[in-house]
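As a plain string of letters, each chain reads:
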Amino acid sequence: MAPMKLYGWAVSPWMARVLVCLEEAGAEYELVPMSRSGGDHRQPEHLARNPFGEIPVLEDGDLTLYQSRAIARHILRKYKPELLRSDNLQESAMVDVWVDVDAHQLEPIIRPVVFNVIIKPFTGSDCDQDLVDESIEKLKKTLEVYEARLSTSKYLAGDFVSLADLTHFSFMRYFMATQYAEVVEAYPHVKAWWEALLARPSVKKVMAGMPPDFGFGSGNIP
Amino acid sequence: MAPVKVFGSARFTNVARVLVCLEEVGVAYEVVDIDFPAKEHKKPEHLARNPFGVIPAFQDGELMLFESRAIAKYILRKYRTDEVDMLREGNLQEAAMVDVWTEVEAHQYNKVLAPIVMECIIYPTAYGIPTNQKVVDESVEKLKKVLEVYEARLSEHEYLAGNFISSADLSHFPFTCRFMETPYASLFDSFPSVKAWWEKLMLRPSMKKISTNLHPKMV
């Protein structure tokens, strides 16, 4: 069986979301590097894989998948279903809840901070400080909910690690490289949960391909 | 067995997303209205159900859930039968395609369609905020590009995940239903396969029933 192929650039948080799952699953895969600055994702060859012209894309035999969370679910369903808790109605529901909380509550807040604070200085645009400040205030309210949750269970979906935790890693990796990391660290249970994630071998391995400046500083622009 | 409870008014799109799944699986449910104008969703009783203070929330016995797409998955998983299998989790390839198009709905389609619904209907009628035409115009252009992808997909497959209806199709229902009330509904005329797919969905008893609750006015 040919190994799976994952197309994209490793510094992308969407790409990293999938990479962590591949590593957790111990699945055999080949990373096919693409160039963002070279516009590889907009070429016909890539549009044939993903008509939305985005990465990551996974090829698994006859299957070509896109949307990072869909790819993540497929990998875990196939190789490590315990990270989805598919055999338990209540537990799998809690996994789904907190995967969506990341997607719809947390990520929309931290993404603009990462974009304004890390990326914009390199691309010559001005940081929208008002937006950053507004986002930080929203973040504090959101983190109160996470703190309450993580005070009652070790991980987000329960006392077991799952996709719900893993899916948070990649965007948080970049947020925690900004000066606003202390906002997160003020919440002791969130801080402990984050540190537990960082200690996972899968996370360490993927993080090695994610310089805190997306590669801009070293000239390795994706 | 006590019927499951959905907290939030049936007039809300994210509540309707859950209700359509309950109708499809044919399970008894109760809708508990949350008084949105009175900010009941921000009060302690509702925060105990949904700590983010939004709607819907969902209760099945002792289990309390939030996030409408997560609730939808739970319902479709728990009440799955051979006849009503909207997640296809018994088949790796089919389940993967369901997940892809469920994510596409959330992050590609809804991202550009929801602002049109919000600006044209929700903000003016529920909040008295005038339509921001710039946002609408930009969103319409982006929606056209997304619909091109949908047209290509639906010209080759009867439904989004394949030749079977799934939660991916259902998830599009509530916001698309409201979109059809805006002046931009005719956009779908340029995408015949998409239009045919939508019209076929709207023939389903679940959609007919739940669409009667999605009124233009929220008050």
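This text follows the structure it describes.
Computed from a prediction, not measured in an experiment: that's the story for all the values here.

Student: Help me understand the interface of chain B and chain A in this model?
Tutor: Frequently, the measure chosen for interface size is the accessible area removed from exposure when the parts meet. Facing the 31 residues of chain B at the interface are 29 residues of chain A. At the boundary of chain B and chain A, one finds three salt bridges. As a salt-bridge pair, Arg77(A) and Asp99(B) come within 2.9 Å of each other at their nearest N and O atoms. Connecting chain B to chain A are eight residue pairs in polar contact (both at pLDDT 80 or more). Contributing elements (two or more residues each) for the side of chain B that touches chain A: strand 4 (63-66), helix 3 (68-78), helix 4 (92-127) and helix 5 (133-154) of chain B. With 13 residues, helix 4 of chain B is the largest single contributor of residues to the side of chain B that touches chain A. Among the residues making up the side of chain B that touches chain A, the classes are represented as 20 nonpolar, three polar and eight charged.

Student: Teacher, can you tell me more about the packing of aromatic side chains here?
Tutor: To describe a pair of aromatic rings, you give the distance between the ring centres and the angle between the ring planes. Using the criterion set out here, one finds 20 aromatic pairs over all chains in the structure. On the basis of an interplanar angle of 85° and a centroid distance of 5.1 Å, the ring pair of Trp14(A) and Phe171(A) is categorised as edge-to-face. Within this pair, whereas Trp14(A) is found in helix 1 (residues 13-25), its partner Phe171(A) is found in helix 7 (residues 169-175), the two being separated by 157 residues in sequence. By relative accessible area, Trp14(A) is classed as partly exposed at 34%. Ring centres of Phe179(B) and Phe188(B) lie 5.7 Å apart, and the angle between their planes is 40°; on these two criteria the pair is classed as tilted.

Student: In this structure, what is going on with the sheet that holds strand 2 (residues 29-33) of chain A? I would like to understand it.
Tutor: Within a sheet, each strand pairs with its neighbour through backbone hydrogen bonds, oriented either parallel or antiparallel. Residues and elements named next belong to chain A. With mixed pairing, four strands are arranged side by side in an open sheet as 2-1-3-4. Taken across any chain shown, the strands that pair with only one partner, and hence form the sheet edges, are strand 2 and strand 4 (63-66). Averaged over all pairs of adjacent strands, the angle between strand axes in this sheet comes to 20°, irrespective of strand direction. The pairing of strand 1 (residues 4-8) with strand 3 (residues 57-60) spans three bridges and is classified as antiparallel. When the bridges of strand 3 are listed, Tyr-7 appears paired with Val-57. Helix 1 contacts strand 1 and strand 2 of the sheet and is inclined by roughly 160° relative to strand 1.

Student: So what exactly am I meant to see when it comes to the state of the cysteines here?
Tutor: Formally, a disulfide is one covalent bond, and it connects the sulfur atom of one cysteine to the sulfur atom of another. All names here are of chain B. Throughout the structure, instances matching the rule amount to zero disulfides over all chains. Considering cysteine sulfurs only, Cys-177 is the nearest to Cys-120, which forms no disulfide, with 15 Å between them. Cys-177 takes part in no disulfide bond, and the closest cysteine sulfur to it belongs to Cys-21, at a distance of 14 Å.

Scoring rules and cut-offs
- Residues numbered from 1 in each chain as written.
- Chains lettered and ligands numbered in written order.
- Predicted model: local features only at pLDDT ≥ 70, side-chain atom pairs only at ≥ 80, totals over all residues.
- Heavy atoms only, no water.
- Contact = heavy atoms within 4.5 Å.
- Salt bridge = Lys/Arg side-chain N within 4 Å of Asp/Glu carboxyl O.
- Polar contact = N/O pair within 3.5 Å; in protein donor to acceptor, adjacent residues only side chain to side chain.
- Helix = DSSP H or I, 4+ residues; strand = E, 2+ residues; numbered from the N terminus.
- Nonpolar A, V, L, I, M, F, W, Y, C, P; charged D, E, K, R; others polar.
- Phe/Tyr/Trp six-rings, centres within 6.5 Å; stacked < 30°, edge-to-face > 60°.
- Buried < 20%, exposed > 50% of the residue type's maximum accessible area, 1.4 Å probe, protein only.
- Pairing = 2+ DSSP bridges.
- Axes fitted to C-alpha atoms, helices over the stretch in contact; angles between N-to-C directions.
- Disulfide = S-S within 2.5 Å.

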